[in-house]
Amino acid sequence: MSWREHGAAGGWSSLSLKPVPTGWIPSLFQTMVPTGYTKLQEERGLAMADLGPKPDGNGYRPDPPHLEVRRHSDRVARTSVSLSDGGDVRYSETEPMLPEGTLSGEEGDAEEKEEEESQRPPTRNMPKESPLAMALQIVVPFLLAGFGTVSAGMVLDIVQHWDAFKYITEIFILVPALLGLKGNLEMTLASRLSTAVNVGKMDSPIEKWNLIIGNLALKQVQATVVGFLAAVAAVVLGWIPEGKFQMSHAVLLCSASVATAFIASMLYTGINPDNVATPIAASFGDLITLAILAWISQGLYNCLDSHPYVSSLVCAFFLSLTPVWMVISSKHPASRTLLYSGWEPVITAMVISSIGGLILDKTVSDPNLAGIVVYTPVINGIGGNLVAIQSSRISTHLHFHSAPGEVPEEAKGCYYPCRTFYGTGANHRSAQVLLLLVLPGHLIFLYTIHLMKSGHTTLTPIFMTVYLAAALLQVFLLLCIADWMVYSMWRSGKDPDSFSIPYLTALGDLLGTALLALSFQFLWYIGDQDSDVGD
């Protein structure tokens, strides 16, 4: 059977049956229904008959009012599945995973009617975790992610002296946007797959692989398009305010951004559990993305004078592959829905990260603040990884215990920061654990940078105090924003796995870069300054 047939049915095979006598059809379907299920339906039918109104003279028995209301509410709640003229299946943003027992076409219609009359299957319970067990699960991928960001910072500290970065400084605007894009797409995919595994929606091998392939193709589409838009944002933010514009530099930025986003997105490897997959998905992604960006930018810059058309060909090649990935992504219902509705968070996150990149560009241009470069990927990456863990955990809890549009009692009412860390909900313990990891984690990463003789700043007590205060404030604000944002999105019918993480990591880039720039400016004013340590 071809891939097209599998994808068009969301992982279910399309069978072609020869015509059979109509009298065989009821008996055929009767043999496909388990005996226990038929018995249960008969018992429930007798029970409902005793509760329902008496039939009228024509033998018609109207449904009781409360059943009509319930049936209407169930149908409204099930709006994640709608049938188009061609038997196509549509999924809403709150149902990114393939629901259990959901079929396509006429089978899906029959299944929907049966489920309206039957009881809902029992929900699986989330395993309970102690704070110690939670910390032990998080600390290893947290450290791996941190060392990945340290490596990215050291690479950025080296490549800032390359010709491409010195003469086309707008590349620095691309750095947070592309690093954030890579992390956003990977962590969003890892969070969706984590939720699918935890709620048992990837047990079928065909369903699992269709889901994975569709989402990977979707990620390539988003990476290519948003990478191009990031280059446009870099041109606007970097050159338009200064009144300087060079077409050759603009084409180079577009080519480097699109190629970097595409290649880096292709190198993804996913692991599923929430505490592991979300940070590991972006652990060494920053290092890989930054290395690819530096290599491609410098290569295109070297060809700028002798072969100026190379940049245009590179950009056109990667953009031409976008329709192919769109076709593959559209074969699975879940990724097809996100193909149309999943652009808002990644594009908005790219704009927010680009503003952080503009701050980085202006800060690096000041020789007195050159030391900020090596620490920017560290503070941004660590803050984004920690808040992504919290967001993924809250989202998984909501998928387990709440229907879309409904939030637990503790999340109702006005938000206040103490609720995040000392509330009665299920995730305040994880917020405490994540906040406690900030100081020891950043101390390890600071001394790693110091031992590697990288950076342009001496680790004085004043510097470490100011830096750690900025990092702690960043994560505190991000955890509070995550607690409010995830519940708000779930209440409004949006899936937090696809929407919250891009916003939160982009805000982490903006807050981290801004707080770091203020910290270095403050250190310069009070006299704690040296910009030649790494040289």
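Further up the page is the structure itself.
Criteria and cut-off values
Residues numbered from 1 in each chain as written. Predicted model: local features only at pLDDT ≥ 70, side-chain atom pairs only at ≥ 80, totals over all residues. Heavy atoms only, no water. Helix = DSSP H or I, 4+ residues; strand = E, 2+ residues; numbered from the N terminus. Buried < 20%, exposed > 50% of the residue type's maximum accessible area, 1.4 Å probe, protein only. Core = buried A, V, L, I, M, F, W, Y, C linked by side-chain atoms within 4.5 Å. Contact = heavy atoms within 4.5 Å. Salt bridge = Lys/Arg side-chain N within 4 Å of Asp/Glu carboxyl O. Expected span 1.5 Å × (residues − 1). Patch = residues over 30% accessible without salt bridge, like charges linked within 9 Å, V, L, I, M, F, W, Y side chains within 5 Å. Areas by Shrake-Rupley, 256 points an atom, 1.4 Å probe, with all protein chains shown as cover. Phe/Tyr/Trp six-rings, centres within 6.5 Å; stacked < 30°, edge-to-face > 60°. Disulfide = S-S within 2.5 Å.

1. As for the overall build of the chain
For the chain, the count of helices and strands is 22 helices and 2 strands. Going through the 535 residues of the chain one by one, you find that 50% of them count as buried.

2. Describing the nonpolar core
Within soluble globular proteins, side chains that are nonpolar tend to cluster in buried spots. Core analysis: the biggest nonpolar cluster contains 90 residues, and L253, I372, Y375, F463 and Y467 have the highest contact counts within it. Look past the residues within four positions of Y375 in its chain and what remains in contact with it is L446, I449, T457, L459, F463, Y467, L516 and F520. Listed in part, the 8 residues of the second largest apolar core include V387, A482, M489 and F499.

3. Comments concerning the pattern of salt bridges
Summed over all chains, the structure comprises 2 salt bridges. Between K166 and D163 there is a salt bridge, and its shortest N-O distance comes to 4.0 Å. Of this pair, K166 and D163 both sit in helix α7 (residues 163–167), 3 residues apart, which is roughly one turn of the helix. Looking at K166, the relative accessible area reads 45%, which means it is partly exposed. By relative accessible area, which is 34% here, D163 ends up partly exposed. The salt bridge involving E344 is made with K494; its shortest N-O contact spans 3.7 Å. Taken together, the residues E344 in helix α16 (residues 343–364) and K494 in the loop between α21 (461–491) and α22 (496–526) connect sequence positions 150 residues apart.

4. Quick look at α22
Each α-helix winds once per 3.6 residues, and so residues spaced three or four apart point in a common direction. Between its terminal C-alpha atoms α22 stretches 43 Å, which fits the 45 Å expected from 31 residues at 1.5 Å a residue. Of the residues trailing α22, G527 is marked for its positive phi of about 100°.

5. A few points about a nonpolar patch on the surface
Together, F228, V232, V236 and L319 make up an exposed nonpolar region whose accessible area comes to about 270 Å². Per element, the largest residue contribution to the nonpolar patch is 3 residues, and it comes from helix α9 (residues 205–239). Structurally, L319 can be placed in helix α13 (residues 309–320).

6. Here's the deal with the packing of aromatic side chains
Summed over the entire model, instances satisfying the criterion amount to 13 aromatic pairs. Note on F142 and F445: the rings are 6.0 Å apart at their centroids and 55° apart in plane angle, and the pair reads as tilted. Separated by 303 residues along the polypeptide, F142 in helix α6 (residues 131–159) and F445 in helix α20 (residues 438–451) bring together distant segments of the chain. With centroids separated by 5.3 Å and ring planes inclined at 5°, the aromatic side chains of F421 and F476 adopt a geometry described as stacked. Of this pair, F421 sits in helix α18 (residues 418–422) while F476 sits in helix α21, and the two are 55 residues apart along the sequence.

7. A word on the state of the cysteines
Simply put, disulfide is the name for a covalent bond between the sulfur atoms of two cysteines. The final tally for this structure, using the stated rule, is 0 disulfides. With no disulfide of its own, C315 lies closest to C254 among cysteine sulfurs, the gap being 5.5 Å.

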